[in-house]
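Take a look at the letters that make up each chain.
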Amino acid sequence: MGNIAIFGGSFDPPHLGHVEIVNKALEQLDIDKLIIMPNYLNPLKKTFHAPAELRLKWLKKIFKDNPKVEVSDFEIKQNRPVYSIETIKKFRPKYFIIGSDNLKTLDKWKNIDEILKLTELVVATRGQVDLDLLKKYNIKKVLRVNIPISSTEIRNCNFKYLPKQIEKEIKEFYGQNCKN
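Residues numbered from 1 in each chain as written. Predicted model: local features only at pLDDT ≥ 70, side-chain atom pairs only at ≥ 80, totals over all residues. Heavy atoms only, no water.

In the nomenclature of an unreviewed UniProt entry, the protein is known as Probable nicotinate-nucleotide adenylyltransferase of Lebetimonas natsushimae. Quoted verbatim from the Function (unreviewed entry) heading of the UniProt record, the comment on the protein is "Catalyzes the reversible adenylation of nicotinate mononucleotide (NaMN) to nicotinic acid adenine dinucleotide (NaAD)." Listed under Pathway (unreviewed entry) in UniProt, the entry text for the protein is "Cofactor biosynthesis; NAD(+) biosynthesis; deamido-NAD(+) from nicotinate D-ribonucleotide: step 1/1." (UniProt positions renumbered as here; feature names shortened; annotations may be inferred.)

Okay, here's the thing in structure tokens:
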């Protein structure tokens, strides 16, 4: 399959920031394929908002026309929280892309030392990134994203920066809790 990168996360919901991360990874990393890996449930979280199958469906709609991108159901099919080390051992990616918000919890990741031996971490960031943490984990690649949105903001009814392919569905799903 050549060089692959994995971009994992909750994608609850996916937004244009995620799309920009994918585009920047394809432009800046030496890869033949990028695998988007939505999780069933992040091992460091207790709940999700949108069901895993719905998040998977949304991601497939967004990236269906990009031949260099594959949306994988591997973690979702496990029907449980899957540790990154499991996914890395199965797919053997050259790069594993994480959001900068994950940097501060890397010390809680299962087998982080083994992860760092098996793959190169790449950090996607919207703003400043903790240089000490980059150095600590020997992270040399940073993808700078210029879209100021997070999934939390969308769940809180900020519906800017939604991919057109799923905009209506996202507003219907998360909009139920908006205060008018």
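Moving on from the model shown.
Scanning the protein from terminus to terminus reveals eight helices and six strands. Here the C-alpha radius of gyration of the protein, 16 Å, is about what a compact globule of 180 residues would show, namely 16 Å. In terms of its C-alpha atoms, the protein occupies a principal-axis envelope of roughly 50 × 35 × 30 Å. Evaluated residue by residue, the protein yields a buried proportion of 49% over its 180 residues. Per element, the accessible surface of the protein, about 9,800 Å² overall, is 47% carbon and sulfur. Here the protein contributes 32 positively and 22 negatively charged side chains, and the mean placements of these two sets differ by 2 Å. (Helix = DSSP H or I, 4+ residues; strand = E, 2+ residues; numbered from the N terminus. Rg over C-alpha atoms; globule rule 2.2 N^0.38 Å. Buried < 20%, exposed > 50% of the residue type's maximum accessible area, 1.4 Å probe, protein only. Areas by Shrake-Rupley, 256 points an atom, 1.4 Å probe, with all protein chains shown as cover. Lys, Arg positive; Asp, Glu negative; His and termini not counted. Charge placed at Lys NZ, Arg CZ, Asp CG, Glu CD.)

What follows concerns the nonpolar core. The nonpolar side chains of a soluble globular protein tend to be buried with one another. Of all hydrophobic cores here, the largest spans 36 residues; its most connected members are V22, L29, L34, I36, F63 and I97. Put simply, the parts of the chain that give this core at least two residues each are strand 1 (4–9), helix 1 (16–28), strand 2 (33–38), helix 2 (52–63), strand 3 (69–71), strand 4 (95–99), strand 5 (120–125) and helix 8 (167–175). Of the residues forming this core, the biggest block, seven residues, is contributed by helix 2. When neighbours within four sequence positions are excluded, L34 is seen to be in contact with A5, F7, V22, A25, L26, K68, V69, E70 and I97. Listed in part, the 23 residues of the second largest apolar core include M37, F74, V129 and Y137. (Core = buried A, V, L, I, M, F, W, Y, C linked by side-chain atoms within 4.5 Å. Contact = heavy atoms within 4.5 Å.)

A word on the sheet that holds strand 6 (residues 141–144). The sheet built from six strands is open, its strands ordered 3-2-1-4-5-6 with parallel pairing. Each edge of the open sheet carries a strand with a single partner, namely strand 3 and strand 6. The average undirected angle you get between the axes of adjacent strands in this sheet is 25°. One ladder, built from three bridges, connects strand 1 with strand 4; its direction is parallel. Looking at strand 4, one finds that I6 is bridged to F96. The strands touched by helix 2 are strand 2 and strand 3; relative to strand 3, the strand with the most contacts, the crossing angle is about 160°. (Pairing = 2+ DSSP bridges. Axes fitted to C-alpha atoms, helices over the stretch in contact; angles between N-to-C directions.)

Given two aromatic rings, one states the distance between the centres and the angle between the planes to describe the pair. Within this structure, the stated rule accounts for seven aromatic pairs. An angle of 45° between the planes, with centres 6.0 Å apart, marks the rings of W58 and Y174 as tilted. Placement of W58 in helix 2 and of Y174 in helix 8 is noted, with a sequence separation of 116 residues between them. For the residue pair W58 and Y174, the accessibility class agrees, reading buried in each case. Given the relative accessible area of 3%, Y174 is considered buried. In this structure an aromatic cluster arises from ring pairing among W58, F173 and Y174. In this structure, R55 is placed above the aromatic ring of F48, and the distance from its NZ or CZ to the ring centre is 5.3 Å. (Phe/Tyr/Trp six-rings, centres within 6.5 Å; stacked < 30°, edge-to-face > 60°. Lys NZ or Arg CZ within 6 Å of the ring centre and 35° of its normal.)

Volume-wise, the largest pocket comes out at about 1,100 Å³. Taken together, 49 residues line the largest pocket, and the ones lying closest to its centre are G9, S10, K45, D101 and N102. For the lining of the largest pocket, the secondary structure elements donating two or more residues are strand 1, helix 1, helix 4 (84–91), strand 4, strand 5 and helix 7 (151–155). In terms of residue count, the dominant contributor to the lining of the largest pocket is strand 4 (four residues). For the lining of the largest pocket, the per-class residue count stands at 21 nonpolar, 19 polar and nine charged. (1 Å grid on protein atoms, 1.4 Å probe; cavity = no way out; pocket = protein on both sides within 12 Å on 5 of 7 lines; lining within 4 Å. Points joined across faces, edges and corners; volume = space filled by probe spheres on them. Nonpolar A, V, L, I, M, F, W, Y, C, P; charged D, E, K, R; others polar.)

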